[in-house]
Amino acid sequence: MRTSNSLLLVTIILGIVTSFGTQTAGHDVKCEVKEKNTPFDNRFAVQFRTVVSCVFNEDFEITVPSKLTNPTNESVTELRMTRNKKIGFLPQDISTSFPKLRLVDAFGCAVKEITKSSFRGLTLVDKIVLDDNEIANIDENSFDDLSELRLLYLDNNRIASLPTKLFEKLENLDTLYLNGNQLQELDANLFKNNRKLALLHINENKLQTLPPAIFDGMTQMRQIWLKGNEIVDLPANVFEQCESLVDIDLSRNRIKRIEPNLLTKLGELRDISFSFNPLEFIDLTVFDGNTLLTEMFFNGVATADIRNIERVDQMKNIKGLSFHNGCIGDQFHEGNLEKLKEIVRMRCIATVKAE
């Protein structure tokens, strides 16, 4: 009797182990292939073209790492699984089923990690959307096969760090969104091979500074937004090699001083914002080399020390110098204010003295 009970117990345990092993090993998944007419602009008129997508519907679940088992279909160019919190993992071996894929869209799912197998073999993909997931871990070689990738969206995840060589093979990357994560620092070589990068948004993270050479060689960069971080100071020449830079947003940080040479080499700069920083003073000579500037934003800045205000006269293209919601001090004399009244927007000036 005792032996029989023992055998029964072993059988139950083995059953549980076997069941658990099967679950964690994953299962086969398939998506539904659909055709649709999609509008596109050919510069002369809006036309339509047929796009073949493979779609996971809103009831589909991927709760463990699973292999995509659709038969090979070279006509499929899009894989979509958007707004489905039941999808916790990207399907594996996508390229086996869809070797000509151009788009992977998993917006608004619950993906927790990106692994080496997530995008393996997807050499034609040029756009990946992974916004609003739960991604915390990304393997260093996850993007190695994505040689044609141009647009990468990783907003609103849980990413606290990025492996040094994560973007190393993405030589065609031109747009990168990393807003709303938990990044505290960036490796100096993170963008070393991304010479075509033109738009970089790392808003609403926890960055405190930037490595001095992080943007070296980025001659095609046009827009850098770093608002809503914890940046206290920036290396004096951090933007020096971004000669095409048009738009910088450094608002809502902890910057107390603008380094004299921070913007010197940026002859194409049009818009810049230092709004809602605790600036101790603003010296307009910092912008002497930025002859194409059209908009400067210092909204919410409470400093009373505005130096070299006459430099605005040399800014021939300036259309807006904004101090909305700030409390500018009393050094604005009537003469200067008269010269600036067509271009300066101010809502909070403590006092105005006559010269």
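Residues numbered from 1 in each chain as written. Predicted model: local features only at pLDDT ≥ 70, side-chain atom pairs only at ≥ 80, totals over all residues. Heavy atoms only, no water.

(A) Molecular detail of the overall build of the chain. Across its full length, the chain carries three helices and 20 strands. Per element, the accessible surface of the chain, about 17,800 Å² overall, is 48% carbon and sulfur. (Helix = DSSP H or I, 4+ residues; strand = E, 2+ residues; numbered from the N terminus. Areas by Shrake-Rupley, 256 points an atom, 1.4 Å probe, with all protein chains shown as cover.)

(B) Seen up close, unusual backbone geometry. Positive phi outside glycine occurs at Asp-93, with the angle close to 55 degrees. Secondary-structure assignment places Asp-93 in the loop between strand E5 (78-80) and helix H2 (94-97). A positive phi angle, near 55 degrees, is found at Arg-252, a position not held by glycine.

(C) Representation of the state of the cysteines. Throughout the structure, instances matching the rule amount to one disulfide. In this model, Cys-31 is linked to Cys-54 through a disulfide, with the two sulfur atoms separated by 1.9 Å. When the S-S torsion is 105 degrees, as for the bridge of Cys-31 with Cys-54, the disulfide is right-handed. In this pair, Cys-31 is assigned in the loop between strand E1 (28-29) and strand E2 (32-41) and Cys-54 in strand E3 (residues 46-55), connecting sequence segments 23 residues apart. The residues Cys-31 and Cys-54 share a single accessibility class, namely buried. (Disulfide = S-S within 2.5 Å. Buried < 20%, exposed > 50% of the residue type's maximum accessible area, 1.4 Å probe, protein only.)

(D) How the structure looks around the side chain of Ser-66. Its place among the elements puts Ser-66 in the loop between E3 and strand E4 (67-68). Here Val-64 takes part through its backbone oxygen, which lies 2.7 Å from a polar atom of the side chain of Ser-66. (Polar contact = N/O pair within 3.5 Å; in protein donor to acceptor, adjacent residues only side chain to side chain.)

(E) How the structure looks around the pattern of salt bridges. On inspection of all chains with the given rule, the structure shows 14 salt bridges. With its nearest N and O atoms 4.0 Å apart, the salt bridge here joins Lys-36 to Glu-78. Note that Lys-36 is positioned in strand E2 and Glu-78 in strand E5, a separation of 42 residues in sequence. Residue class for Lys-36 comes out partly exposed when judged on its relative accessible area of 36%. Accessibility expressed as a relative area gives 12% for Glu-78, which makes it buried. Taking the shortest distance from any N to any O, the salt bridge between Asp-144 and Lys-169 comes out at 4.0 Å. With Asp-144 in the loop between strand E9 (137-138) and strand E10 (151-153) and Lys-169 in the loop between E10 and strand E11 (175-177), this residue pair connects regions lying 25 residues apart in the sequence. Using a relative accessible area of 23% as the deciding quantity, one classes Asp-144 as partly exposed. For Lys-169, a relative accessible area of 41% puts it in the partly exposed group. Within this structure, Lys-36, Glu-78, Arg-80 and Asp-105 form a network of salt bridges that share partners. (Salt bridge = Lys/Arg side-chain N within 4 Å of Asp/Glu carboxyl O.)

(F) Just the packing of aromatic side chains, in detail. Taken as a whole, this structure holds eight aromatic pairs when the rule is applied. A ring pair is formed by Tyr-153 and Tyr-177, whose centres lie 4.9 Å apart and whose planes are at 10 degrees; its orientation type is stacked. Taken together, the residues span a long stretch of sequence, with Tyr-153 in strand E10 and Tyr-177 in strand E11 at a distance of 24 residues. Side by side, Tyr-153 and Tyr-177 carry an identical accessibility label, which is buried. Where Phe-287 meets Phe-298, the ring centres are 6.3 Å apart and the plane angle is 75 degrees; that geometry is what we call edge-to-face. Within this pair, whereas Phe-287 is found in the loop between strand E16 (282-283) and strand E17 (295-297), its partner Phe-298 is found in the loop between E17 and strand E18 (306-307), the two being separated by 11 residues in sequence. (Phe/Tyr/Trp six-rings, centres within 6.5 Å; stacked < 30°, edge-to-face > 60°.)

(G) Representation of the side chain of Asn-290 within the structure. Tracing the backbone shows Asn-290 in the loop between E16 and E17. Classification of Asn-290 by relative accessible area gives buried; the value is 1%. A polar contact of 2.9 Å, which involves the side chain of Asn-290, links it to the backbone oxygen of Leu-263. Asn-290 has contacts with Leu-263, Leu-266 and Leu-269, leaving out every residue within four places of it along the chain. (Contact = heavy atoms within 4.5 Å.)

(H) Region of interest: the nonpolar core. Core analysis: the biggest nonpolar cluster contains 88 residues, and Phe-191, Phe-215, Phe-239, Phe-287 and Phe-298 have the highest contact counts within it. When neighbours within four sequence positions are excluded, Phe-287 is seen to be in contact with Leu-263, Ile-272, Phe-274, Leu-293, Met-296, Phe-298 and Met-315. The next biggest cluster of nonpolar side chains, apart from the first, holds five residues, and it includes Leu-151, Tyr-153, Tyr-177 and Leu-199. (Core = buried A, V, L, I, M, F, W, Y, C linked by side-chain atoms within 4.5 Å.)

(I) Focus on the confidence of the model for the chain. The share of residues in the chain with pLDDT of 70 or more is 82%, and the mean pLDDT across the chain is 85. Taken as a whole, residues 7-25 scores under 50 in pLDDT and shows three contacts with residues more than four places along the chain or in a different chain. Taken as a whole, residues 329-339 scores under 50 in pLDDT and shows 26 contacts with residues more than four places along the chain or in a different chain. (pLDDT = per-residue confidence, 0-100.)

(J) Focus on the environment of Leu-266. Following the sequence through the fold, Leu-266 ends up in the loop between strand E14 (247-249) and strand E15 (271-273). For the pair Leu-266 and Gly-289, spaced 23 residues apart in sequence, the C-alpha separation works out to 7.0 Å. Not counting residues within four places of it along the chain, the set of residues in contact with Leu-266 comprises Phe-239, Cys-242, Leu-245, Ile-248, Gly-289 and Asn-290.

(K) Fine view of the environment of Glu-204. Residue placement: Glu-204 occurs in the loop between strand E12 (199-201) and strand E13 (223-225). Using a relative accessible area of 44% as the deciding quantity, one classes Glu-204 as partly exposed. Sequence separation between Glu-204 and Arg-252 is 48 residues; the distance between their C-alpha atoms is 9.1 Å. Excluding residues that lie within four positions of it along the chain, Glu-204 makes contacts with Gly-180, Asn-181, Lys-227, Gly-228 and Asn-229.

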